[in-house]
Amino acid sequence: MTKPMHDAEPAEGVPASDMIDAKIRELADWRGETLAHVRRLIRDADPDVVEEVKWRGVPVWSQDGIICTGETYKSAVKLTFANGAALDDPSGLFNASLEGNTRRAIDLHEGEAIDEAAFQALIRAAIARNQAKAKKPRKPSAG
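Scoring rules and cut-offs
- Residues numbered from 1 in each chain as written.
- Predicted model: local features only at pLDDT ≥ 70, side-chain atom pairs only at ≥ 80, totals over all residues.
- Heavy atoms only, no water.
- Helix = DSSP H or I, 4+ residues; strand = E, 2+ residues; numbered from the N terminus.
- Buried < 20%, exposed > 50% of the residue type's maximum accessible area, 1.4 Å probe, protein only.
- Contact = heavy atoms within 4.5 Å.
- Areas by Shrake-Rupley, 256 points an atom, 1.4 Å probe, with all protein chains shown as cover.
- Polar contact = N/O pair within 3.5 Å; in protein donor to acceptor, adjacent residues only side chain to side chain.
- Expected span 1.5 Å × (residues − 1).
- Salt bridge = Lys/Arg side-chain N within 4 Å of Asp/Glu carboxyl O.
- Pairing = 2+ DSSP bridges.
- Axes fitted to C-alpha atoms, helices over the stretch in contact; angles between N-to-C directions.

1. A short note on the overall build of the protein
- Of the regular secondary structure elements, the protein holds three helices and five strands.
- Counting helices and strands in the order they occur from the N terminus, the protein gives α-α-β-β-β-β-β-α.
- Burial status across the protein gives 41% buried among its 143 residues.
- Considering only residue pairs separated by 6 or more positions, the protein has 48% of its internal contacts joining residues 24 or more positions apart.
- Summed over its atoms, the accessible surface of the protein is roughly 8,600 Å², and 48% of this surface lies on carbon and sulfur atoms.

2. Considerations on the side chain of Gln63
- Residue position: Gln63 is located in the loop between strand S2 (58–62) and strand S3 (66–72).
- For Gln63, the side chain forms a polar contact with the side chain of Gln131, separated by 3.1 Å.
- Discounting residues that sit within four places of it in the chain, Gln63 has contacts with Asp46, Asp48, Val49, Ile127, Asn130 and Gln131.

3. Concerning helix H1 (residues 16–27)
- Taking 1.5 Å per residue, twelve residues should reach 16 Å; H1 reaches 17 Å between its end C-alpha atoms and fits that length.
- Residues of H1 that are buried sit in contact with helix H2 (30–45), strand S1 (50–54), S2 and S3.
- Two residues or fewer after H1 comes Ala28, characterised by a positive phi angle close to 45 degrees.

4. Observations regarding the pattern of salt bridges
- Taken as a whole, this structure holds six salt bridges when the rule is applied.
- Here the salt bridges do not stand alone but share partners, grouping Asp21, Arg39, Arg43 and Glu51 into one network.

5. With respect to unusual backbone geometry
- Even without being glycine, Arg56 reaches a positive phi, approximately 60 degrees.
- Mapping Arg56 onto the fold places it in the loop between S1 and S2.
- Positive phi values are uncommon outside glycine, yet Ser97 reaches one of about 55 degrees.
- You can see Ser97 is positioned in the loop between strand S4 (77–81) and strand S5 (104–108).

6. Overview of the sheet that holds S4
- Pairing within the open sheet is antiparallel, and its five strands lie in the order S1-S2-S3-S4-S5. Of all the strands in the sheet, the pair left with one neighbour each is S1 and S5. Across the sheet, the mean angle separating the axes of adjacent strands is 20 degrees when strand polarity is ignored.
- Across the face of the sheet, H2 comes into contact with S1, S2, S3, S4 and S5 while running at roughly 30 degrees to S4.
- Where helix H3 (residues 116–135) meets the sheet, its contacts fall on S3, S4 and S5, and the angle it forms with S3 comes to roughly 135 degrees.

This is the structure in structure tokens:
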């Protein structure tokens, strides 16, 4: 039996971009509009970004590693940057998950706008960090 798109786990054989489209349509409110808007900004920042769906249907944008996720909650769209703590954020977009040593997040609430240029700069910085990390030679394992 095939699972409907709104089920927790991604449907086998369905492209992630189609599943994200479906999620945006299902939300049918400001959260869907916000998710669609930041998705456009991410794709415009770097057209080579890979879209995935993980962890019970969460949109994930990657390039040489996870850039950020787009979780939707009742009162917020949360954009969590996997390595946000390592990124410069001169515009102060990060406003959530500030206590950890690795991740940082941007919580967007109904009616809030995002500084598009600053957001795209964060996306590009996350990609550059992932690419730099991917190019580092790995130490041979002792064994």
